[in-house]
Amino acid sequence: MSLSVVQGFTKSLAMTVLSEIGDKTFFAAAILAMRHPRRLVLSGCLAALIVMTIFSVVVGWAAPNLLSRKWTHHITTLLFFGFGLWSLWDGFKENGEAEELDEVEAKLDADWKTNTSSAKGDSKDDDELKKQRRPILMQFFSPIFLKAFSITFFGEWGDKSQLATIGLAADENPIGVVLGGIIGQALCTTAAVLGGKSLASQISEKFVALSGGVLFIVFGLQSLLSTVES
């Protein structure tokens, strides 16, 4: 494995873990896992995150073909500094983790109540259907899987972790970025699904945000120094 792949992998893994722990999609996965089969929630969330990671890396990899390598490098450097300051600002805000968890839980509660009330009339039919074993392929395209996928996918769309992945892929080996991003997403999502709300509520988002901010600043400084040296 080449040094560029290892460097892209380690950067992507560290960035993904610190960006995703305590994120809205992390809380959503934890709460969904309390109400639905964990297997379906985990597979739906992971599928969305893998698709988003690959898409972001492809965009970042293609960017130097649209702009010069020099410009993409400068933009990536600015993105790292910008996301670092953004994360530090989020970390210094008060009650950040409590507000985020409450916001996600309130949205899912409203959706849960709507679905529950609309499904009461069909409860007997559902019980009969549950007695019949459905094919595995059909289970993975069940409403629960699709719900977990859509909540996670659209929750990540335009998020700073997605934009940071695009910037990282433009500056590092895309294979390493993909592998690091997918493994990081898998670790965070598995922890959220298995740990549930109890784990999510114990995580200090302030500490995670500050750590992520410092990491982004370090990436920015490293990128800036490589520009000066070249």
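Residues numbered from 1 in each chain as written. Predicted model: local features only at pLDDT ≥ 70, side-chain atom pairs only at ≥ 80, totals over all residues. Heavy atoms only, no water.

**Structural notes on the overall build of the protein**
Logical step 1: Looking only at helices and strands, the protein has eleven helices and zero strands in total.
Logical step 2: Helices (α) and strands (β) of the protein occur, in sequence order from the N terminus, as α-α-α-α-α-α-α-α-α-α-α.
Logical step 3: A total of 230 residues make up the protein; the buried ones form 40% of that total.
Logical step 4: Split by element, the accessible area of the protein, about 12700 Å² in all, is 68% carbon and sulfur. (Helix = DSSP H or I, 4+ residues; strand = E, 2+ residues; numbered from the N terminus. Buried < 20%, exposed > 50% of the residue type's maximum accessible area, 1.4 Å probe, protein only. Areas by Shrake-Rupley, 256 points an atom, 1.4 Å probe, with all protein chains shown as cover.)

**Looking at the environment of Lys 93**
Logical step 1: Tracing the backbone through its elements, the reader meets Lys 93 in the loop between α4 (69-92) and α5 (96-119).
Logical step 2: Considering only alpha carbons, one finds Lys 93 and Lys 206, 113 residues apart in sequence, at a separation of 8.0 Å.

**Regarding the packing of α4 against helix α9 (residues 160-171)**
When two helices pack together, their arrangement is captured by the angle between the axes and the distance separating the axes.
Logical step 1: Running from N to C, α4 and α9 cross one another at 150°; their axes reach a closest spacing of 9 Å. When the axis of α4 is compared with that of α9, the two are roughly antiparallel. The handedness of the crossing between α4 and α9 comes out as left-handed. Where α4 approaches α9, its residues Arg 69, His 73, Thr 76, Leu 79, Phe 80, Phe 83, Trp 86, Ser 87 and Asp 90 are matched on the opposing element by Lys 160, Leu 163, Ala 164, Gly 167, Leu 168, Ala 170 and Asp 171.
Logical step 2: By residue class, the composition of the contact of α4 with α9 is eight nonpolar, four polar and four charged. (Axes fitted to C-alpha atoms, helices over the stretch in contact; angles between N-to-C directions. Parallel < 35°, antiparallel > 145°, perpendicular 65-115°, else oblique. Left-handed = near helix turned anticlockwise from the far one by under 90°. Contact = heavy atoms within 4.5 Å. Nonpolar A, V, L, I, M, F, W, Y, C, P; charged D, E, K, R; others polar.)

**Considerations on the pattern of salt bridges**
Logical step 1: Under the counting rule described, the total for this entry stands at one salt bridge.
Logical step 2: Glu 172 is the partner of Lys 11 in a salt bridge, and the nearest nitrogen-oxygen pair spans 2.9 Å. Here Lys 11 is found in helix α1 (residues 3-20), whereas its partner Glu 172 is found in the loop between α9 and α10 (174-202), with 161 residues between them in sequence. This pair shows no difference in class: Lys 11 is buried, exactly as Glu 172 is. (Salt bridge = Lys/Arg side-chain N within 4 Å of Asp/Glu carboxyl O.)

**Structural notes on the packing of helix α2 (residues 24-35) against helix α8 (residues 143-156)**
Logical step 1: For the pair α2 and α8, interaxial distance at closest approach is 10 Å and the crossing angle is 165°. Taken together, the axes of α2 and α8 are roughly antiparallel relative to one another. As α2 runs across α8, the sense of the crossing is right-handed. Within the contact between the two elements, α2 uses Thr 25, Ala 28 and Leu 32 and α8 uses Lys 147, Ala 148, Ile 151, Thr 152, Gly 155 and Glu 156.
Logical step 2: Partitioning the contact of α2 with α8 into residue classes produces four nonpolar, three polar and two charged.

**Quick notes on the UniProt feature "transmembrane region" (unreviewed entry) in the protein**
Logical step 1: According to UniProt, the positions carrying the feature "transmembrane region" (unreviewed entry) are residues 40-59, 71-89, 136-155, 175-195 and 207-225.
Logical step 2: With 100% helix and 0% strand, residues 71-89 has its two end C-alpha atoms placed 27 Å apart.
Logical step 3: Within the segment residues 175-195, helix and strand shares are 100% and 0% respectively, and the terminal C-alpha atoms sit 30 Å apart. (UniProt positions renumbered as here; feature names shortened; annotations may be inferred.)

**Some words on the side chain of Thr 16**
Logical step 1: Looking at where Thr 16 falls in the secondary structure, it is placed in helix α1.
Logical step 2: Judged by relative accessible area, Thr 16 falls into the buried class, the value being 5%.
Logical step 3: Aside from chain neighbours lying at most four places away, what touches Thr 16 is Gly 180, Gly 181, Gly 184, Gln 185 and Cys 188.

**Examining the confidence of the model for the protein**
Low-pLDDT stretches of the model should not have their predicted coordinates read in fine detail.
Logical step 1: When pLDDT is averaged along the protein, the result is 76, and 72% of the positions lie at 70 or above.
Logical step 2: Across the protein, the secondary-structure element scoring lowest on mean pLDDT is helix α6 (residues 123-131), at 43, and the one scoring highest is helix α3 (residues 38-66), at 88.
Logical step 3: Throughout residues 118-133 the model reports pLDDT below 50, and contacts reaching past four residues in sequence, or to other chains, amount to one contact. (pLDDT = per-residue confidence, 0-100.)

**Points about the packing of aromatic side chains**
Logical step 1: As enumerated under the stated definition, the model contains five aromatic pairs in all.
Logical step 2: Between the NZ or CZ atom of Lys 11 and the centre of the ring of Phe 219, over which it lies, the distance is 5.2 Å. (Phe/Tyr/Trp six-rings, centres within 6.5 Å; stacked < 30°, edge-to-face > 60°. Lys NZ or Arg CZ within 6 Å of the ring centre and 35° of its normal.)

**Brief notes about the side chain of Ser 43**
Logical step 1: Checked against the element boundaries, Ser 43 lands in helix α3.
Logical step 2: By relative accessible area, Ser 43 is classed as buried at 18%.
Logical step 3: Among the polar contacts made by the side chain of Ser 43, one reaches the main-chain carbonyl oxygen of Arg 39 at a distance of 2.9 Å. (Polar contact = N/O pair within 3.5 Å; in protein donor to acceptor, adjacent residues only side chain to side chain.)

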